[in-house]
Amino acid sequence: MSSIPTYHVLALSGGGYRGLYTATVLTELEAALGRPIASHFDLICGTSAGGMLALGLAAEIPAIELKALFEQQGSRIFGSRSLLRRLLGFWLTAKHSSMGLQEVLSERFQKTAIGELKHRVLVPAVNYSTGRGQFFKTPHHPSFELDHRMKIVDVALATAAAPVYFPLARNDRGVFADGGLVGNAPGLFGLHEVNTFLAPDQNAEIRVLAIGTMTIGATVRGGASLDRGFGKWRGGLFDLVISAQESSVDYMLRQSLGHNYFQIDDQATPDQSKDVKSLDRVSIGATNTLKDRGVHAAQRALGDPLFQPFRAHRAGAPTFYHGPNKNASEAAC
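In this text, all values refer to a predicted model and were calculated from it rather than measured experimentally.

Let's shift gears to the overall build of the chain. Each helix and strand counted, the chain has 13 helices and eight strands in total. Counting over 333 residues, the chain shows a buried share of 53%. Of the roughly 15000 Å² that the chain leaves accessible, carbon and sulfur atoms contribute 52%.

This is the structure:
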């Protein structure tokens, strides 16, 4: 009797500095598992801050180092505000320069390319040159011939170019905006990727572990003005987009996968929401809240019976068809 093929997907949401919550969860899980967490997943998907984490995990950078990247370099990433940017705010320029983010990414990833990663990844962005979603991937299918040449830094900048927070990102493939515009919670993309490219017509068992960023449900107060121009929307418009996506994707994955879907996330208390409401707020309060809640969330997950299949799974060695880690020919597909 042949066993049903099993694929596990790790999906990491975007959320700016709130990615420290995700990184803390990953650090605690990895410590408990005693091995790189990427070895438990057949595909790692990540958007924006989650995309940076996904790329780091796929390079087998310890999660504790990725956590330190947020905690120690957060002020560099979200602190690149010249006097002109402070004066103009959201009106004519992005709130932050991307220089700090680019420097932090370059120092950590240097010139490493997607094709050098050790595990399969999928990182969403929006190609503003074509007006379409774009999904950067390792060469785990014969048709994925171009992305493996891209530098990790360029992919990370593309997926993290949050409207009004950071400038658009340009690279050799075009001009890009934040992946949160097309899929802030990338679990559905991971499910589709397995069904379409990794295990087509195999009736595979697919499990998705999604880790959020304490996303605050963007809402309007009862007495607020309903007639809103950009001056009132500002960053709230992007926050609303990712908040609505998070809840929709969570609902659909629960309906599609049942117990094969497991989400790790938290709702901030009213007091804590003041610390973590903004995507770019780097403060002692935000740092403590994100870390404290992340540790507790990981402990809760480790004790949940529905998490145990993720703990037990060992991903097989990925097949790559192009690039420096090529280990298969197109004819083998």
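We now examine unusual backbone geometry. For Val164, which is not a glycine, the phi torsion comes out positive at approximately 70 degrees. In this structure, Val164 sits in the loop between helix 6 (152–159) and strand 5 (169–171). A positive phi angle, close to 50 degrees, is found at Asn203, a residue other than glycine. Among the secondary structure elements, Asn203 is positioned in the loop between helix 8 (187–198) and strand 7 (205–211). In this structure Asn203 comes out as exposed when scored by relative accessible area, which is 67%.

This part covers the packing of helix 2 (residues 49–58) against helix 5 (residues 99–109). Viewed as axis vectors pointing N to C, helix 2 and helix 5 meet at an angle of 10 degrees, and their least axial separation amounts to 12 Å. Between helix 2 and helix 5, the angle falls in the class roughly parallel. Residues Met52, Leu55 and Gly56 of helix 2 form the contact with helix 5, whose participating residues are Leu101, Leu105 and Phe109. Looking at the contact of helix 2 with helix 5, its residues break down into five nonpolar, one polar and no charged.

We now examine the confidence of the model for the chain. In this model, the chain carries a mean pLDDT of 89, and residues with pLDDT of at least 70 account for 88%. Ranking the elements of the chain by mean pLDDT puts helix 4 (residues 83–88) last with 54 and strand 2 (residues 43–46) first with 98.

This part takes up the side chain of Lys137. Note on placement: Lys137 falls in strand 4 (residues 132–137). At 2.8 Å, the side chain of Lys137 forms a polar contact with the side chain of Glu193. For Lys137, the contacting residues outside a window of four places in its chain are Ile114, Val121, Leu122, Phe144, Asp147, His148, Glu193 and Phe197.

This brings us to the side chain of Thr22. Within the secondary structure, Thr22 sits in helix 1 (residues 19–33). Among the residues examined, Thr22 registers a relative accessible area of 0% and is labelled buried. Beyond its immediate sequence surroundings of up to four residues, Thr22 is in contact with Leu12, Leu53, Ile211, Gly212 and Thr213.

Rules used in this analysis
Residues numbered from 1 in each chain as written. Predicted model: local features only at pLDDT ≥ 70, side-chain atom pairs only at ≥ 80, totals over all residues. Heavy atoms only, no water. Helix = DSSP H or I, 4+ residues; strand = E, 2+ residues; numbered from the N terminus. Buried < 20%, exposed > 50% of the residue type's maximum accessible area, 1.4 Å probe, protein only. Areas by Shrake-Rupley, 256 points an atom, 1.4 Å probe, with all protein chains shown as cover. Axes fitted to C-alpha atoms, helices over the stretch in contact; angles between N-to-C directions. Parallel < 35°, antiparallel > 145°, perpendicular 65-115°, else oblique. Contact = heavy atoms within 4.5 Å. Nonpolar A, V, L, I, M, F, W, Y, C, P; charged D, E, K, R; others polar. pLDDT = per-residue confidence, 0-100. Polar contact = N/O pair within 3.5 Å; in protein donor to acceptor, adjacent residues only side chain to side chain.

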